[in-house]
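Examination of the molecular architecture
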Amino acid sequence: MDAGVGETKKQKKDMRFTVLHCICTTDLKNERRRRRRGRRKGRQKASNRTRSIYSCVVSSSAHESLPSPDEISIVEKVKRENEDMAGRYVCKMFCGERIIGLVTGYDNETSKFKIVYEDRNNDLIDKEILLRTLAPPTLVDWMFDSHRMPRLLCILQQKVLDDEEQEGRLGFVFIENDGVDEHMIWLIELKNLFSRQLPHVPKEYIVRCVLDLNHKSVMVIRRNQDVVGGITYRPFLSQGFVEIAFCAVMANELIKGCGTRLMNHLKQHARDMEGVTHLLTCADSNVVDYFLKQGFTREITLEKDRWQGYIKVYHGGILMGCELHPKLPYSHTVTMTSHQRQAIIERIREASNSENIVYPGIDFQKGEAGIPSWPIKVEDIPGLKEAGWTPDQYGHSRYKTVNDSADTASNQESVTVFMRSLLKQIYDHPDAWPFKEPVDSDNAPGYCDVIKDPTDLKMITTRVESEQYYITLEMFLADMKRMFANARTYNMPHTVYYKCANRLESFFSGIFQSGLQDNKFQQN
């Protein structure tokens, strides 16, 4: 009985709670509905008032259509986005070759972007094509690291940044925690930028350094509003150096050269205003390449007793330093080097006695396997003798026959015989089957996209039998090495083609060295 009564009371209690919960939930939903209706009515009234105001303005101004505030902000945003595209690199394919260009500005009349390519050709493209042809950051970094970025584009990119600084669309400011409200806002934005770009660094440590009274910061400001990059550093004036704590730049600004310009402004300011001679930092392994490009080295030239105990060396970090030149204008380095280059070229022209003569070209056509359609004598090339060429320079090779009295024709015949013997042994090798015929693109998808210069034994044999293509053994060796390298480039290491290339190349190297001795060739 007690158990039954207890269950009945519990059921009633649960029922009362459920009813009460439903009532409260219903009231809450009704209250939310009333608030939403009120907000809708308020927005509708405001919209009606706005329409009435705009209708009065339109009627009083001869029916001139005025854009809404939202439309004005959208137009201004699009305009800023178009302007910020200046300084970005683009890439296009022309006749199978990659051509790099630079966005130099935006043409408001045609609503297209101005492009200057490395071959000095100008172009106007719309935004859709521009977004498809933007060069990826990895390609830009590779071209800079391999010194393949055209000098013209580097100079134009710096000119774009100079114009942005003069027009006020780009600025570099040095601030510290001095209590000014605007400076504090920028410091907070810089702190947020560091937190996003340096996720492995504790946010509390970033806040403590950025807002510390002993630390200073240099920032990249877009249109006096947005912080897109910056460096936080601490100057040790008594010791003569500056410690860089954090350095980060947004990716779209870094690819436009703002990272290098930011560091150059810091160098100029630290030397001229702070009076220091060195910059030191404990760099993470991910940013070592960036600091190396900015002139930092792992060898610290500053005396150890001047920095030891002052700068923090973190576990896994690499201590790097940069010595500041007392007279180098860091903020105008690119412009200075461009002027120096032009001055040197002018001095060379003044000292040179030769005139700039352009000789006519030769009628040269290639046949099968790249073999000339008809033999061409080197001495008949216009302008070659005038440049100081002599007949003994023809076909210069490190490999010569032991008999020095042999003329050029007999020496060339010996080279041809030697190449034929090498090809015969290569053909008879069991691992030569993948290289006897050209690669079929149907069986190897994308082969022509990966391999730009296909080579096979059939092509090499055709060139040898023509007795016109391989005038030196170096040319023959280059084709053989290219054939093996192509196989390793396209195929994975575990494939049979990759392994055949390695074995056949090892066999070829052995018979080539032994063949040099048997055919009485000597290497100079």
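Before reading on, note that the structure itself is shown above.
Presented here is an overview of the structure given in this document. Keep in mind it's a predicted model, so treat the numbers as computed, not measured. (Residues numbered from 1 in each chain as written. Predicted model: local features only at pLDDT ≥ 70, side-chain atom pairs only at ≥ 80, totals over all residues. Heavy atoms only, no water.)

1. Concerning the pairing of strand β4 (residues 122-125)
Each regular strand shows side chains that alternate between the opposite faces of the sheet. Bridge analysis of strand β3 (residues 112-117) against β4 gives 4 bridges, and the strand direction is antiparallel. The partner of Val-116 across the bridge, within β4, is Asn-122. Adjacent in sequence and paired antiparallel, β3 and β4 are bridged by 4 residues, among which Arg-120 carries a positive phi angle near 70°. (Pairing = 2+ DSSP bridges. Helix = DSSP H or I, 4+ residues; strand = E, 2+ residues; numbered from the N terminus.)

2. A word on the nonpolar core
Counting residues in each nonpolar core, the largest one holds 28 residues, and the members touching the most others are Ile-231, Ile-244, Met-263, Leu-279, Phe-291 and Phe-296. Breaking this core down by element, the ones donating at least two residues are β5 (170-176), β6 (216-222), β7 (226-236), β8 (241-249), α9 (258-274), β9 (278-283), α10 (288-293) and β10 (318-323). In terms of residues, this core owes the most to one element, α9, which gives 5 residues. With sequence-adjacent residues up to four places away left out, Ile-231 is seen in contact with Phe-194, Lys-216, Ser-217, Val-218, Ile-244, Phe-246, Cys-247, Leu-262, Met-263 and Leu-266. In this structure, Phe-418, Ile-426, Leu-477 and Ala-501 belong to the second largest nonpolar core, which totals 27 residues. (Core = buried A, V, L, I, M, F, W, Y, C linked by side-chain atoms within 4.5 Å. Buried < 20%, exposed > 50% of the residue type's maximum accessible area, 1.4 Å probe, protein only. Contact = heavy atoms within 4.5 Å.)

3. Some remarks on the packing of helix α6 (residues 181-197) against helix α7 (residues 203-210)
Running from N to C, α6 and α7 point in directions that differ by 145°, and their axes come no closer than 10 Å. With respect to the hand of their crossing, α6 and α7 are arranged in right-handed fashion. Between α6, through Leu-187, Lys-191, Phe-194 and Ser-195, and α7, the contact on the second element is made entirely by Lys-203, Ile-206, Val-207 and Val-210. Split into classes, the residues belonging to the contact of α6 with α7 amount to 5 nonpolar, 1 polar and 2 charged. (Axes fitted to C-alpha atoms, helices over the stretch in contact; angles between N-to-C directions. Left-handed = near helix turned anticlockwise from the far one by under 90°. Nonpolar A, V, L, I, M, F, W, Y, C, P; charged D, E, K, R; others polar.)

4. Remarks on the environment of Asp-212
Topologically, Asp-212 is positioned in the loop between α7 and β6. Taking the relative accessible area as the measure of exposure, Asp-212 reaches 23% and is therefore partly exposed. Among the polar contacts listed, one links the side chain of Asp-212 to the side chain of His-215, at a separation of 2.9 Å. (Polar contact = N/O pair within 3.5 Å; in protein donor to acceptor, adjacent residues only side chain to side chain.)

5. A closer look at the environment of Asn-122
Locating Asn-122 in the fold gives a position in strand β4. Residue Asn-122 is classed as exposed on the basis of its relative accessible area, which comes to 62%. What Asn-122 contacts, discounting residues up to four positions off in sequence, is Ile-115 and Val-116.

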